Amino acid sequence: MRPRSPSFGRVARTVGPVLIVVWTAVPLLWLLSLSLKGGDHINDGRFWPAAPTMQNYRTVFRTDLFTSALRNSIGISLVATALSVVLATLAAYAIARLDFPGKKLILSVALAIAMFPTISLVGPLFDIWRTVGLYDTWLGLVIPYLSFTLPLSIWTLSAFFREIPWEMEQAAQVDGATPWQAFRKVIVPLAAPGVFTAAILTFFFAWNDFVFGISLTSTGRARTVPAALAFFTGASQFEQPTAAIAAAAVVVTIPVVAIVLVFQRRIVAGLTSGAVKG
Amino acid sequence: MAAITVEHVEKRYDDGYPAVNDVSLEIGDGEFVILVGPSGCGKSTLLRMIVGLEDVTSGEIRIGGKRVNEMAPRDRNLAMVFQNYALYPHLTVFENIAFPLRLRKLTAGEVRRRVEEAAGVLELTEHLERKPGQLSGGQRQRVAMGRAIVREADAFLFDEPLSNLDAQLRGQMRTEIARLQQRLGVTTVYVTHDQVEAMTLGDRVAVLRKGVLQQVDTPRALYERPVNLFVAGFIGSPSMNLLPAAAFPVVSLDHPDGSRDLVVGIRPEHLADEALVDPSERGRGITFEVQVEAVEWLGAEQFVYVPWEAPGDLVEPLQRLAAELDRELTSLWLVARIDPKSDIHRGDKARLWFDPANLHVFDAGTGERLTAPRLRGYVPEHQDTAGH
């Protein structure tokens, strides 16, 4: 038999992933290389830095603008994530298990909120926050992050809860658990993949947000990294801050990559091990 | 350990449908009672009311003399084995069994001692560190039982625990459950639709139909003196031959009220090949001739099938009964389970013999048994009928 020429499908299966990896990895590598370039080399037209230096990293960590923004970003994102996961878990459980009037309405309104364009809210929020004193505070950012991430978290989690056989919980109750104990010791661990998914979505939303970050803050009190990057000046006022911004961007990308690597495993493992089968 | 009393208990859903209809049942301390019936008869609902997972619409449930209607499941001190085992997949076998003990805040040493003891009894010792997902069906079943026995609960409740196992394993686990119950002497309520489980496991069997209790009695009494057509058709395998009396002219029967239709029942195993009946016995019984349509020889036994003609209006109540019992009754068949030595062949004219003492007579309209006194646990005022 004559050897078959590689079919289009096979070529696509090989070339496709390579294209996607190049497409996504090149900008990141570029960012990394830029952050390692010294002041004079930025415009040298090379992809790889000729003389890699950590100077830009030292610079950004010495800048108050960046360190306070990093602190704010971490704090606000963690608070928003924790609150969102706890609230979403309780709400999703109620939606999955209880029958109450208006359940469908809550779910559809929640979805509608998630679809809302963020930019349309910035103006009104700016005015309201200034009036009520939430402008330029952590809470002032946590609240909008919550309202945008809760709906999606609730949807994700209620889907997970629905998958868990109700008997699991009834068994726990017969075994002597209060409803709260049954929820905490049996249901939540079983829904863990869903909880992680919700947590990651929320964290990323808060961590990556630029629109709220730049509009609802004015000082280092609450300004987050994506917003702070816009105010970067570099080591001296006369220096192009490109390399420093690149270094700061690399620093804020690290947690995202780390989280994905750590939790992705758990999510995939949780989804495939049949953890919710009786 | 405790006795369980169910008194005039009713369960009605929002649409008014009574899933359990005025059931009264007394389960003695240490007794093994089976709730049996076709699907939808309310047996699981009754069990779940006892354990507290369903509300009681009216009536009273008492455990050890104490009313439990308003108690949460966790306060009733009952252990339950669910149909799909309901093991906690994120916990090891050890932690699954230990779960109820941990909730009671027992010391670590005491938890270990009791879990290991239960695991020993159930031959789970080498699997204690595994997760339920890594176990076979039978092992999962045993873990579920382990979780029940470590509790030192007042009663065990089983909800069709063997229905997810294959036939061989089911037989094995059945023996194991019986052995365990005898050893522990704990009051046990066991729901099943499998009448072999019902007959072999229970001290007494309660037969339910559409939420109404039909008869509560020992397996032997249910088999020998079923109170109505439903119980007669449900208990016994293969099931009792039920024929309109008018189409079975072998015997003549007088209904006390004269005008009503009768149904006669005879179990396949009570029919014999006349040639093999001891001549001294023969005169005591009734012999009749049939045209054999099919014969199944199985080594230890032999089945003979005889078609039976009857007018449609007489057969109708029987067909309805068959549908209710999830059985098929396409035409009337008389099934005889006879000695494998018998020489009856397909197409033969054969002579079958039976002892009239084994004949059951029922009223075709009400379904009620006419030859036996009414039995214990039978609630006549709520009796439903096969003929409606």
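What counts, and where the lines are drawn
Residues numbered from 1 in each chain as written. Chains lettered and ligands numbered in written order. Predicted model: local features only at pLDDT ≥ 70, side-chain atom pairs only at ≥ 80, totals over all residues. Helix = DSSP H or I, 4+ residues; strand = E, 2+ residues; numbered from the N terminus. Rg over C-alpha atoms; globule rule 2.2 N^0.38 Å. Contact = placed C-beta atoms within 7 Å. Buried ≥ 20, exposed ≤ 12 C-beta atoms within 10 Å, placed from the backbone. Core = buried A, V, L, I, M, F, W, Y, C linked by C-beta atoms within 7 Å. Domains from an automatic or database assignment. Nonpolar A, V, L, I, M, F, W, Y, C, P; charged D, E, K, R; others polar. Pairing = 2+ DSSP bridges. Expected span 1.5 Å × (residues − 1). Bend = angle between axes of the 7 residues up to and from the residue. Axes fitted to C-alpha atoms, helices over the stretch in contact; angles between N-to-C directions. Parallel < 35°, antiparallel > 145°, perpendicular 65-115°, else oblique. Left-handed = near helix turned anticlockwise from the far one by under 90°.

Q: For this particular structure, what's the right way to read the overall build of chain A?
A: Looking only at helices and strands, one finds twelve helices and zero strands in chain A. Expected size for 278 residues packed as a compact globule is a radius of gyration near 19 Å; at 24 Å, chain A overshoots this value by more than 25%. Dimensions along the principal axes, computed over C-alpha positions, put chain A at roughly 80 × 70 × 35 Å. Excluding contacts between residues fewer than 6 apart, the proportion of contacts in chain A whose partners are at least 24 apart in sequence is 75%.

Q: What am I meant to see in the environment of B:P18 here?
A: Residue and element names in this part refer to chain B. Note that P18 resides in strand β2 (residues 18–27). The exposure class of P18 is partly exposed, given the 16 C-beta atoms found within 10 Å. Sequence separation of P18 and D55 is 37 residues, and the distance between their C-alpha atoms is 13 Å. Excluding residues that lie within four positions of it along the chain, P18 makes contacts with E10, K11, R12 and G211.

Q: Looking at this structure, I do not really get the nonpolar core. What am I missing?
A: In globular proteins that are soluble, nonpolar side chains generally tend to be buried together. B:A155, B:L157, B:V189 and B:A206 are the most contacted members of the largest nonpolar core, which totals 150 residues. When residues in this core are grouped by element, the largest group, ten residues, is from helix α6 (residues 138–163) of chain A. Looking at this core, you find at least three residues from each of domain 1 (4–221) and domain 2 (228–382) of chain B. In contact with B:L157, not counting residues within four places along its chain, are B:L47, B:I50, B:V51, B:L78, B:M80 and B:V189. In terms of nonpolar packing, the next biggest core, distinct from the first, is built from 15 residues, A:V60, A:A228, A:L229 and A:A247 among them.

Q: Could you clarify how one ought to interpret the interface of chain B and chain A in this entry?
A: Interface size is often expressed as the accessible area that is lost when the parts come together. Contacts between the two partners involve 21 residues from chain B, matched on the other side by 20 residues from chain A. Among the secondary structure elements, those contributing two or more residues to the side of chain B that touches chain A are β6 (78–81) and α2 (93–103) of chain B. Of the residues in the side of chain B that touches chain A, the class split is 15 nonpolar, three polar and three charged.

Q: Can you walk me through the domain arrangement of chain B in this structure?
A: Segmentation of chain B into domains returns domain 1 (4–221) and domain 2 (228–382). For domain 1 of chain B versus domain 2 of chain B, the separation of C-alpha centres amounts to 36 Å.

Q: Just checking my understanding: could you explain the environment of B:E126 for this structure?
A: All names here are of chain B. Position of E126 relative to the elements: it lies in the loop between α3 (108–121) and α4 (137–149). For E126, a count of 9 C-beta atoms within 10 Å gives the class exposed. When the C-alpha positions of E126 and P340 are compared, they lie 46 Å apart, and in sequence the two are 214 residues distant.

Q: What is the right way to look at the pairing of β2(B) in this model?
A: Each regular strand displays side chains that alternate between the two surfaces of the sheet. Residue and element names in this part refer to chain B. When strand β1 (residues 4–12) meets β2, the two strands line up antiparallel, connected through six bridges. Across the sheet, V6 pairs through a bridge with L25, a residue of β2. Between the antiparallel neighbours β1 and β2 lie five residues, among them G16 with a positive phi of about 85°.

Q: Sorry if this is basic, but what is going on with α6(A) here?
A: Working note: α-helix, 3.6 residues per turn, so residues spaced by three or four point in the same direction. If you check α6(A), its first and last C-alpha atoms are 36 Å apart, about what 26 residues at 1.5 Å a residue would give, namely 38 Å. Its axis deflected by about 35° at A:T149, α6(A) carries its strongest bend there, up to four residues before the proline A:P151.

Q: Sorry if this is basic, but what is going on with the sheet that holds strand β11 (residues 241–244) of chain B here?
A: What holds strands together in a sheet is hydrogen bonding between their backbones, with the strands either parallel or antiparallel. All names here are of chain B. A sheet is described by the order of its strands in space; here three strands give the open sequence β11-β12-β19, paired in antiparallel fashion. The sheet is open, and its two edges are formed by β11 and β19 (360–363), each paired on a single side. The average angle at which neighbouring strand axes cross in this sheet is 25°, direction not considered.

Q: Would you explain unusual backbone geometry in this entry?
A: Glycine aside, negative phi is the norm for most residues, and most peptide bonds take the trans geometry. Between B:S237 and B:P238 the backbone carries a cis peptide bond, its omega angle lying at -5°. You can see B:P238 is positioned in the loop between α8 (229–234) and β11. Backbone geometry at A:D136 places phi at a positive 60°, although glycine is not the residue there. Looking at the element boundaries, A:D136 is found in the loop between α5 (119–132) and α6. A count of 17 C-beta atoms within 10 Å places A:D136 in the partly exposed class. The phi dihedral of B:K210 is positive, around 50°, even though this residue is not glycine. Relative to the helices and strands, B:K210 is located in the loop between β9 (204–209) and β10 (212–217).

Q: Teacher, can you tell me more about the packing of α2(B) against α4(B) here?
A: A pair of packed helices can be characterised by two numbers: the angle between their axes and the separation between those axes. Residue and element names in this part refer to chain B. In contact at an axis separation of 7 Å, α2 and α4 are set at 30° when each is read in the N-to-C sense. Judged by the inter-axis angle, α2 sits roughly parallel to α4. As for how α2 packs across α4, the hand of that crossing is right-handed. Here V93, N96, I97, F99 and P100 of α2 lie close against α4, whose contacting residues are V143, G146 and R147. Residue composition of the contact of α2 with α4, by class: five nonpolar, two polar and one charged.

Q: Sorry, what's going on with the packing of α6(A) against helix α9 (residues 192–208) of chain A here?
A: All names here are of chain A. With their axes 9 Å apart at the nearest point, α6 and α9 run at an angle of 160° to one another. In terms of their interaxial angle, α6 and α9 are classed as roughly antiparallel. α6 and α9 meet at a crossing whose hand is right-handed. Side by side, α6 and α9 meet where Y145, F148, T149, L152, S153, T156, L157 and F160 of the first sit next to P193, G194, V195, T197, A198, L201, T202, F205 and A206 of the second. Classifying every residue of the contact of α6 with α9 gives eleven nonpolar, six polar and no charged.

Q: How do you make sense of the sheet that holds β10(B) when you look at a structure like this?
A: All names here are of chain B. Spatial strand order, β6-β7-β8-β3-β9-β10: six strands in an open sheet with mixed pairing. Each edge of the sheet is formed by a strand with only one pairing partner; in this case those strands are β6 and β10. Sheet twist, expressed as the mean angle between neighbouring strand axes with direction ignored, is 15°. As defined by bridge partners, strand β3 (residues 32–36) adjoins strand β8 (residues 187–192) across five bridges and the pair is classed as parallel. Looking at β8, one finds that I34 is bridged to Y190. Across the sheet, α4 touches β6 and β7 (155–159), and the angle it forms with β6 is around 175°.

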